[in-house]
Structures are given as structure tokens and as C-alpha cells.
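A closer look at the structure
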Amino acid sequence: MPDERATPHWVDVGPAVEPDGTLREARFGELLLGVARAEGVWHVFDAFCTHAECPLTDGWLEEGAVRCPCHASLFDLATGSVLAGPALEPLRLLPVRVVAGRVEARLPLPGRATGSRFRTNS
Amino acid sequence: MSAATWADEITVEELEADPYPIYARMRREAPVCFVPAVGLWFVTRWVDVEHAASHPELYDSRVTPSPLDRTMGGESILVVDGEPQRRLRAMLDPSLRPRVVEATTPEQIEPIVRDLLDGIADRGEAELMSELFEPVSVLGLGRVLGLGHLEGDTLRRWFRGLAVGATNFEDDAAKWAVSDATGAEIDCELGPVLERLAAEPDGSTIATMLRHAEGELDEKIATILPTLKVILLGGMQEPGHAAGSTVAGLLESGQAEAVAADPAGLVKDAVEEGLRWISPIGTQTRRSVRESELGGARLPVGANLGVLVSSANRDETVWGPTADAFDLQRPKRNHAAFGFGPHFCSGHHFARVQMRIAIQRLFERLPGLRLDPERPPVFRGWEFRAPLHLHVRWHA
């Protein structure tokens, strides 16, 4: 068996049945993923905010965007772009597909998933 | 009566008993207003609180005189800005990063909560502040800091003693006596601990701070001790206090049954609403660097400000006409309980995770949780506010 961690691979992040506005988490080891549905589309992202690492899974959706609960950064779920600061770097989105009623995300190579550097709130 | 006149008559006792009606009147009539009893200009509206706390070039942290300096025994992270503050944050933040907290905190906190709940589950009644929330708070942080060898009661005494000094804006000699003695005891107790952790570093917050501090060991210790006392106070007192306020809010407002039916699903919302409703730390103190106008008031250079995050969290223009109510269903938006700007609370995620675990397990473990009707909770404090006691009953 090849080591599945050595190559990007698809993982199951839960059922694709909840309505728009759903924001939940999925964990794979130290990876914390946000799983969100907005405007009929599922999105999966590295849940640690690119500003100061607050888990965006503690935040909430505002139409097609996710709001950080700490400093109120707002990220577009479709593109990852920052709609409101203080974050500067975009949300790290993962490729997503829906297979047989389940949401799947493709994990990045180990070590690259959470590569942001931590910034203090200055 | 003019704003200046009625604000002149506000007493510390009135603030301690219930500051919220005073803040509400200020938001309406005099949103930035000098309060002689505590020597601070109170900043009460959300918009002004966010502005003042986020602009250190206009309002810095160097409040003079500050009860913090004497209480902490020197310059702590709370009273410096710019590069000195960034250096202290860089020492403190690595062990409190949300990514680190997510990976390590649950396994540190769960056994503490389980043991405490084991101790009371069969009784059918308890006083939750002293028997659950404060012990979880001090023991949890004690382990993270590297003070796991100290008794919970010692740590609780320490944060209480430091809190007396940190809120002594009125310069009360009896209060100084308490906090001076506490500070001396902490210095005496922690000196050897710091020396040991410098020689044998582990993953604790204190070891991390020592590794990042500059200079010889005695310089490192002198740099770290005041900030360590800030952490001992804020980190040990506040998560326990906020957990108590949250549960009191749930029980008083009749929303506890909803949480009891789905503790895992609703605990996050409950904690955030609890932090908004009774913010455990009421102010970020600031000093005007230059003459300025804020909330209709003209502030002179050197004016000391009490920037009231607790009042911002009740601002009707932000939270609507039900701002004073605890409401689990409140539409989500960012609250001010952890502050704004460069001094945003370093321990925010540690506090959140700890509170969530304590409250979730409480509702899972103690069915039919309700207030003891003969001993309702009594809240007290303006700078630090929480229930003095929280007597509850359940079906044992």
C-alpha cells in the first residue's frame, strides 16, 4: 500500500444535505477544515484565519462569505479573496466535489496545508 | 442635571453593584464623560470604543498613574505599545496560537473538568464558581503556563489579590496592601520556577517566554514577571468568570433547556453571547497622546480613558433594543469582549476552548440543571464583573 499521505488525496468531509448557511468543521490530524454551503455550492477551506489563526469555524457565513469571529475579516468563499481586513492573505480553499451525496475535499501535500506564518495583531 | 454634574456623583460602589444603567445613560447623554470617582474618562459607545482602542498613535496604553504598574511590579504588556509590546507578544503568543490550542488544550482541560464534575455529580447541588469554573480556570492555565505544581486555592488567591490592585483606580491604601502582598508572594514563589524552566525548558508558556526574552537570566525574569502577573490575573480569573456569567445568563433567561438538549451544538453560541452580555474584563485603559475630540468631548493631552468594551457590547445602535438581554438566538456579529487592535487578548482562543469544555460537560453531566431558588446569583464588579456565587441544583 502506498502511503496515502505522500500524495494529494480526496477525503470525505460529511454529507451534502444541509442547506445554505451551513458551516461545520472536519478534522484530519492537525488539519482543521471549514465546510460551508453558500448559494447552493459547497466550499472547503483551511479553517485557521490567515490573519491571526482564529478558527473560522467559530465564525459564520454572510451570504457567500465567511466572517472571522476575532477581528472580523471577511473572505469570499468562491475565490478565497479578502473582502474585509485586517487579513491580507486569501482564504486557503481546497478542491471540492460531491460524490453520492457526500462532500469530498482534496487534501494538499502534507506540510503545505497550513503553511501560513503567524502574525500578531499589530 | 448636566452630564458633568451627575457623572461627578457616580461612586465606585454604584459601579461595582451594576455599571450597566450608568453606561446606558452615558451612551445616550454623554458618551465620553469624565468620572472623578475613578479618575477616568469613560468611553461608552461601540464606535468610540473601537476607534480609541484601535489607534495607539492617538490613544496609547501608557496610563499614568496606572494601578497596573504597581500591581504587576513593573511595565507589563498592557502598558506598552509599538516595538516593546510586539516583543512581549512575540514571547507570549507562540504557546497560545489557536492552532496550538486546538491541538493541545482539550486534552489538558478535559480531565480537570471530569474530576471536578465527578466530585459533585452525586450531590444534586453545588456552587459552580468555587467548585467548578474557577478551579478549571486556574488549574487549566497553571498547567499550560508551567505552574502545575501549585494548588488551585493558591492560584485563586493570587488572581483575587492582583485583581484588587489592578482595579484600584481610586488609590485605596487598604487595596494596595492586599495587592502588594500578593505581588511579593508571587515573586518569591515564581523566581525559582523561572530559574528551573530556564535551565530545563519544556513546552510551557513560561519556558517559551524565557526562550524568546533577551539578556541574562535576571534581565529575562525582570522582563517577564510583570507580564506573567497579567496572565495570572487575566488568564486565571476571566475564563472562569465568563463561564459563570454564561451559565447564569442561560439559567436566568430560561434558555438552559435548549443547551441541555444539545450541549455540543449550542455551547459555542452560548459562550459568545455570555462574553458579550457580561464581558468579564470591562475596559481597555488608554491615555490621549494629543488633544482630540471623541464622542463629542474635548480630551486634553494625557487624559486617562476607560475604554469600556463592556458598554460597547450593550450598545443599542449595534445590538438593538434587546442589547441588555441574554439571547442565544441573537444574530451573529463580532463582540468586543477580547478588545480591539494591537492589544487584542492573546489568550482568546484558549479561554474560548476552556469555557466551551467546562459548560458542555456541565450540561451533559448534570441533568435538569437549574438555579437554586433560595440563593439567586449576585453579580458584582465594573472592571472585572462576574457572579459572586452561582448556586445550582440538578437531578442527582
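If you're wondering where the values come from, they're calculated on a predicted model, not measured in any experiment.

Observations concerning the confidence of the model for chain A
All names here are of chain A.
- The predicted model of chain A averages 84 in pLDDT, with 82% of residues at 70 or higher.
- Per-residue pLDDT stays below 50 along residues 1–6; that stretch engages in three contacts with residues further than four places along the chain or on separate chains.
- Here residues 112–122 is a poorly scored stretch, pLDDT under 50, and it has 30 contacts once near neighbours within four places are set aside; other chains count.

Let's talk about the pairing of strand S2 (residues 23–28) of chain A
Residues and elements named next belong to chain A.
- As paired strands, S2 and strand S3 (residues 31–38) are joined by six bridges and run antiparallel to one another. Paired with glutamate 25 across the bridge in S3 is glycine 34.
- Between the end of S2 and the start of S3, which pair antiparallel, lie two residues, with glycine 29 showing a positive phi angle near 60 degrees.

Notes on the sheet that holds S2(A)
All names here are of chain A.
- Read from one edge of the open sheet, four strands run S2-S3-S4-S9, paired in antiparallel fashion. This sheet does not close on itself; its edge strands, each paired only once, are S2 and strand S9 (93–94).
- Relative to S9, strand S4 (residues 41–46) runs antiparallel, the two being bridged by two bridges. Paired with phenylalanine 45 across the two strands is leucine 93, which belongs to S9.

Quick word on the confidence of the model for chain B
- Across chain B, the average pLDDT comes to 93, with 99% of residues at or above 70.
- Interface confidence in the predicted complex, given as ipTM, is 0.80; pTM for the same model is 0.90.

Digging into the sheet that holds strand S1 (residues 9–15) of chain A
Residues and elements named next belong to chain A.
- Across the sheet, which stays open at both edges, the three strands sit in the order S1-S11-S10 with antiparallel pairing between neighbours. Unpaired on one side and paired on the other, S1 and strand S10 (96–99) mark the two borders of the sheet. Geometrically, the sheet is characterised by an average inter-axis angle of 35 degrees between neighbouring strands, direction not taken into account.
- Where S1 and strand S11 (residues 102–107) come together, five bridges link them in antiparallel fashion. Paired with aspartate 12 across the strands is glutamate 104, a residue of S11.

Conventions we followed
Residues numbered from 1 in each chain as written. Chains lettered and ligands numbered in written order. Predicted model: local features only at pLDDT ≥ 70, side-chain atom pairs only at ≥ 80, totals over all residues. Heavy atoms only, no water. pLDDT = per-residue confidence, 0-100. Contact = heavy atoms within 4.5 Å. Pairing = 2+ DSSP bridges. Helix = DSSP H or I, 4+ residues; strand = E, 2+ residues; numbered from the N terminus. Axes fitted to C-alpha atoms, helices over the stretch in contact; angles between N-to-C directions.

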